[in-house]
Every structure is written in structure tokens, then in C-alpha cells.
Amino acid sequence: MSKSSPKGPASEANTSSDTTPEALAQGVDEDVIESNRRLFTGWQWWLFGLAAVLYSTFHLVSLNIYPLETWSFRIVHICGALVLGYGLYAGARFADDTTPASSRGLRFLGYALLLPALYALVQVVLMQQTMAGGAMRIDPAVEAWHFGLPLIAATSAAILLSWATRHARSGISAPDLVLMICAIASAGYLLVMYNSPLRMSTGTPFAPMGISFAAIAGSLLILELTRRVAGLALVIIAAIFLTYVFAGPYLPGFLGYPGLSVGRFFSQVYTDAGILGPTTAVSSTYIILFIIFAAFLQASKVGDYFVNFAFAAAGRARGGPAKVAIFASGLMGMINGTSAGNVVSTGSLTIPLMKKVGYPARSAGAIEAAASTGGQIMPPIMGAGAFIMAEITGIPYTEIAIAAIIPSILYFASVYFMVDFEAAQKGMRGMRKDEIPLFSKLIKQVYLFAPIIILIAALFMGYSVIRAGTLATASAAVVSWISPNKMGIRAILKAMELASTMAIQIIAVCACAGIIVGVISLTGVGARFSSLLLGLAGVSQLLALFFAMCISILLGMGMPTTAAYAVAASVVAPGLIDIGIQPLIAHFFVFYFAVVSAITPPVALASYAASGISGANAMQTSVTSFKIGLAAYIVPFMFFYSPGILMEGSWMQILRVGVTATLGIVLLAASVQAWFFGHINGLIRLVLLAGAVCMIYGGLITDLAGIAIGAAVFLMQRSKGAGGNGATASS
């Protein structure tokens, strides 16, 4: 598989203008090699490369040419990710000079587990033949003793053994080979049962017990792969929810419920009520398609062009690299769907350059984290969030994308002015002309934006998301043919392979989130949470919104955006709708707080990723990124009090709210950074904060009061002669 990694600046810029670099960014969007990722060679490299290409091809064909039955398609989608995931990601550290390889006894035990795994797989083949021969169901003894127990035993033992097995990075371990076989066996059984009349029996006493066995094994496989590719946070949350299924009857108060048996719960959780539900529906269609699109952009080096274009456009402004990070990270984060991943890719270039022009290490990391997180709320793609919202709510995708325009502008305006005021306060310079690429040369390649433009145009012309994404992907290849990085057959295959590798994490995360969604829907805990919010709303709607904010952030901490929103949308959004909030507003409210959990202390994945690059303290970086992204914690409340922010109302209302909210964001940034046409003291900062809150609130009287406060402070600062030191606009 790919052996590349993100690179820093190509070289330090020379001081003479005749050596102006044509390109500063190189490889900012190449595949990141994780510490537990295997690097195959020889026939294994070819085998897994071919499997990855076939996996991407399967999705393109199924989505555009030959559609499969819905449940079957999603089962194969998850199974393929599990097989590739266990092939590519190890469960423990690799053997090296300090960590010896596992003993012969452990290796022998791993190979011994192949027997029950293969036996379960053979039983699936035999059961398929039995059902094809006209049988109405399988003998329960066969399902239990010859399929279910061997499958669960092999899965459980292989997971535990994989934690202790050490092997070379270039090879695959026996326990992971067992897990790959178990994934195929559990998916194969579910395909057999769900393509028969027995599918209708799930959740009833008549459901074949083999479904529960396959679902238990499948859930274990999903949880373990999620641990390997996304960390423990989501796995722990899923484990808590699973514990609730069986501990619920013993809990007091609103958390208590009658309870579900193991068989009944697991016979339903691997259906569209859980794992095969909305989260997998989105990952198997929109997300995988846009990951393929992003891989094609990477293969044609469009990501490098985006960053170089940002440097040419904004690099010379004061604090230039920081403003480049806002532009480039917002654009790249919109496409790749993960805040932390975007920090690693673009931050490897922008963070060192921010430090070079004078930003402290913690500020450099925090700016990159805040900008990358903002990419998740940037239309039209919104890091796949728009597609999940459309799937859950039934609201048309185009309506969601349009509603996100003003909130995203407010967020990035906040980050921009936070950065600009800090640069003005510290007297930072921009990059010199000889340090950035020539805009005149880059503008000649502006056609590289064509795939993004085609995507947006196709969506708003009424094409389906799948058709629009496919057209954009094809256009990325076509556009590359007139660029310096032409995509031939080899590059296209590389893009397909890269897409499958990139998709593993998000597919595992969505499937794991599906387990949580299944618990919520099958136990009714979401409805009880709604009643709690309803009670709070009787006291104060603001209190109910604040409580919903805290729960959304808490549920999202340590989780990728997609999973964070999916879980919060299942728990929190129904309660907000029940207290009278419109579905679009409720889901946007939840979505924004799920997104900003990536920069919210104490668990801030994007900030921690940035601190690893900047060298700053992780907690200091997360606190600073929280400050820079402060607007994102205020804007969602505007959705409720000023629906015009989400394009609800007349054009005059929308325009007024948008303009005054933007001015309020400027005052907020000035208050936080202690700079407004010059240095300001604590009292003036409090006054500006009051003005910001007035304009952000959105009422006509409060807007006028906020404008009056801003104008008064402006005139006072100018009269003191401080206006020559800086301006709100970037220089």
C-alpha cells in the first residue's frame, strides 16, 4: 500500500525575487501512514492493492450501474472494510529492536484459531445450499453448535490474541487473518438469512438464533477495528450504551426500561434499526463516493494547488501563513471529512510557517485546528455532515447546503479576525514576495478548481448527489490531463486504492455509531431524554438549549465528526424538536456542537493533532483553539433566536441578520484579542463583548445598540490616535 507521508515545505525561500518559488506546498494531501499501519511488499502488496481497487470499483458500479438490494449492499460494504481494515491495521505494536516478535506458542495458537473460523465459514456455504434447496430455515443446533459458537469463539480469541501478538510491519499476523475470515463468515450468514423470508422475523422469538450469533461477532469485529483506526473513545461510548441495554431494567428514574434479551437485541441491532441504518446508509453511498472524489483530487495533486493558491492569495497579509491555513484547511477539510486528519495533512506545512512569522507554537497549532474543524461546516460538502443530515431528517440536501452558508461565513470570519487582530497586536509581518508562489503563474491553472465547481453546479441543477459526485470524480481525472500531473491508468488505480484505504476509518466509525443508534432506538432512551429536555424547556428554553449543547459536545468528544453527529442527532435532536424547534434548526444546532467537540477541552482531537506538529502543550493548544473558535459556541444559539441565519425568512431579514451578526463577530474577536484599531483595556473589552452579544442576538433594537457600541469605541480609539497601528481589514 502507499508508503508516502505528508511533507513540509519544499525548501526555505531564497531572498532574491528572481528565485520566487513556483510551488511551496508539496504532498500536503498524500496518504498518512499511521503507526499501526502495515507496509506490505511483494505479493502481499499486490494482493491488498488489488483488493482495495476492487472495493472502490464495487461501490462505483453498485451506485451508478448495477444497484444491489439495500441490506445486502450495506453488509458487503461493512464486510469489505473489515477485511481490508484487519489486513492493513495491526492490533498491537510491531516487532522492532526494542519489542521482540511473539513467541512460537502465541503464533501457533493464532494459526490454531483458523480451524474454528474456517469451520464457521464452511457452515455458511452449507447453509446457503440448504436454503437454496427450498428449506424454510436451518436446524437451530447447526446454527448454534456448528456456526455460532465456533464463530464467536474464534472472533473473541483472535481479538484478544491480536493485542499480544508482535510481528514485522511487512507481514500479516495469524489472529488478523482469523478476523478477516470471521468477518466474511458473519456477513455471509447475514446475506443468506436477509435474502430469505426469515428477514421479517428479526426482533421476534421466531428469528433464527444464528442472526444473533452473527451480529455479536460482527459487533465485536466493528468495535475492535474502530479501536485500531479511531482510538478508544468511541468504543468506550459504544460499550457504555451496550451495557445499558442489559443494565437498564435495574437503573432508577427516567433511565430505567423493561429490558431486552440478548437474542432479541442482537437479532435487531444488525438491521436498519442499528448497524445497517442511517450511518451505514450514508457511509456506503455519499461518504465513500466523496472519499473516492478526494482521492482523485489527491492523485492529480489538486490539494497541493489549493494550498499554493492560498499562499499566493493571502500569504503577504500580516500573519500570512495563518490566513493561508484558514483558507486551505477550510477547503481541504470540507472534502476529507475529518478535522484531525486535515490538521495532519495541511498543518505539516502551515504550522511551521506560522511559527516562522512570529506566532507562538500553541497559537499556530490552535489556528490550524480551528480552521480544519471549520471545514466540517463548510458547504457544499460539509465533511459529509450534510449528507447524514439529509438522510436522517429527509430535508433536501440542497436546502441544507444553502442553510449552512451564513453560519460557515460567521465561523471563518471569526477565526480570520481572531488571527488578524493577534497579528496586528504582535506586529507580525506577512510573507515576503520571494517566499510565496507567484499568483500570476498559479492563476493559469485555476481550471483545477473545475471539479469542485462541477460538483456544486450539478447538485444545484438537480442531479442526485451520487450522480454529481461521480461527474466530479470523472472531471478530476479529465482536468488532470491538461495539468502537469496527468492521471493515467496507474494513477487512477492508485486513486482507487487510496480511496479504499482512506474509507476504512470512516466506515468503521459509522458502523460503530450504528451500534449506538441501535441501542437508542431499541431501548427508547432517546424518548426519555426528550422528556427531560421538555421538562427543562418548561423552565427555560435557553436552559434546555444549553443542556443540549453540553450533551452534544460530551457525546462528540474524542469521536470523528460523522459519528459524533450521528449519535447526537439520535439522542439530542428529537428532544429539541419535541420542545417546538424546527427540525432543520435542531439538527444544525446539534451538528455544530458535535463538530466543535474536536477543539473543545479536555478531549480535543484536532487540537491534540496540531500540538503534535507545533510542539506546544496539548492542553494549552486546545484552550487556545477553543478561544479562536469561540464563535462556533455562540452561532448555534442564533439559529433559534434568529432563523434568518439559516436562510429562514425574507431576503431583507436574512441580509440584516447576516450583516449585523458578522459585525458582532468582529467585535467578539476584538474583545477576545484585546485589539480594536489599537490596544484596548479590560473595560473596553467588556463593552465590546456586550456589543457583540447585542448584534449576535439578532433583534432590531439589540442590533442598533451593538452598532452604537461598536461605533463609539471606534471613534474613541481613533481619537486616541491608535488607529494607525492596525485595522480590522488585513493588510
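Residues numbered from 1 in each chain as written. Predicted model: local features only at pLDDT ≥ 70, side-chain atom pairs only at ≥ 80, totals over all residues. Heavy atoms only, no water.

A count of helical and extended segments in the chain gives 32 helices and zero strands. By the compact-globule yardstick of 27 Å for 731 residues, the chain fits well, its C-alpha radius of gyration being 27 Å. Here the chain, with 731 residues, has 59% of them falling under the buried criterion. For the chain, the computed accessible surface area is about 27,100 Å², with 69% contributed by carbon and sulfur atoms. In the chain, the 38 positive side-chain charges and the 27 negative ones have mean positions that sit 6 Å from each other. (Helix = DSSP H or I, 4+ residues; strand = E, 2+ residues; numbered from the N terminus. Rg over C-alpha atoms; globule rule 2.2 N^0.38 Å. Buried < 20%, exposed > 50% of the residue type's maximum accessible area, 1.4 Å probe, protein only. Areas by Shrake-Rupley, 256 points an atom, 1.4 Å probe, with all protein chains shown as cover. Lys, Arg positive; Asp, Glu negative; His and termini not counted. Charge placed at Lys NZ, Arg CZ, Asp CG, Glu CD.)

So, about the side chain of T501. The residue T501 is located in helix α21 (residues 489-523) in this model. In this structure T501 comes out as buried when scored by relative accessible area, which is 4%. At 3.1 Å, the side chain of T501 forms a polar contact with the backbone oxygen of E497. (Polar contact = N/O pair within 3.5 Å; in protein donor to acceptor, adjacent residues only side chain to side chain.)

Turning next to the pattern of salt bridges. Going through the model one piece at a time under the given rule, you end up with nine salt bridges. A salt bridge links E69 to R199; the shortest N-O distance between them is 2.7 Å. With E69 in the loop between α1 (42-64) and α2 (70-88) and R199 in the loop between α6 (174-194) and α7 (209-230), this pair connects stretches of sequence that are 130 residues apart. Judged by its relative accessible area of 32%, E69 is partly exposed. The closest approach of N and O atoms between E497 and K494, which form a salt bridge, is 3.2 Å. With E497 and K494 both in helix α21 and three residues apart, this pair spans about one turn of that helix. (Salt bridge = Lys/Arg side-chain N within 4 Å of Asp/Glu carboxyl O.)

So, on to the packing of aromatic side chains. For any pair of aromatic rings, the description consists of the separation of the ring centres together with the inter-plane angle of the planes. One pass over the structure, following the stated rule, counts 28 aromatic pairs. Judged by centre distance (6.1 Å) and plane angle (80°), the ring pair of F246 and F265 falls under edge-to-face. Remark: F265 occurs in helix α9 (residues 262-269) and F246 occurs in helix α8 (residues 232-247); sequence separation between them is 19 residues. Accessibility expressed as a relative area gives 31% for F246, which makes it partly exposed. On the basis of relative accessibility, which here comes to 0%, the residue F265 falls in the buried class. Each member of the aromatic cluster is reached from another via a ring pair, and the members are Y565, F588, F591, Y592 and F639. Lying across the ring of W71, R199 places its NZ or CZ 3.8 Å from the centre. (Phe/Tyr/Trp six-rings, centres within 6.5 Å; stacked < 30°, edge-to-face > 60°. Lys NZ or Arg CZ within 6 Å of the ring centre and 35° of its normal.)

Looking at the chain, the domain boundaries give domain 1 (42-230), domain 2 (284-648) and domain 3 (649-718). Measuring from the centre of the C-alpha atoms in domain 1 to the corresponding centre in domain 3 gives 57 Å. (Domains from an automatic or database assignment.)

Moving on, we come to helix α27 (residues 605-614). Taken residue by residue, α27 has A606, S607, A610, S611 and S614 as its buried positions. Axial view of α27: buried residues confined to an arc of 135°, hence all on one face. Of the surrounding secondary structure, the elements contacted by the buried residues of α27 are α13 (339-356), α14 (361-374) and α28 (618-628). The first or second residue beyond α27 is G615, which carries a positive phi of 85°. (Arc of directions from axis to C-beta. Contact = heavy atoms within 4.5 Å.)

A few words now on the packing of α7 against α9. The packing of two helices is summarised by the inter-axis angle and the distance between the axes. Packing of α7 against α9 leaves a shortest axis separation of 8 Å and a crossing angle of 70°. Considering their axes alone, α7 and α9 lie roughly perpendicular with respect to each other. In the crossing of α7 with α9, the sense of the turn from one axis to the other is left-handed. Note on element contacts: α9 touches α7 through V262, G263, F266, S267 and V269, opposite I211, S212, A215, I216 and S219. Its residues placed into classes, the contact of α7 with α9 shows six nonpolar, four polar and no charged. (Axes fitted to C-alpha atoms, helices over the stretch in contact; angles between N-to-C directions. Parallel < 35°, antiparallel > 145°, perpendicular 65-115°, else oblique. Left-handed = near helix turned anticlockwise from the far one by under 90°. Nonpolar A, V, L, I, M, F, W, Y, C, P; charged D, E, K, R; others polar.)

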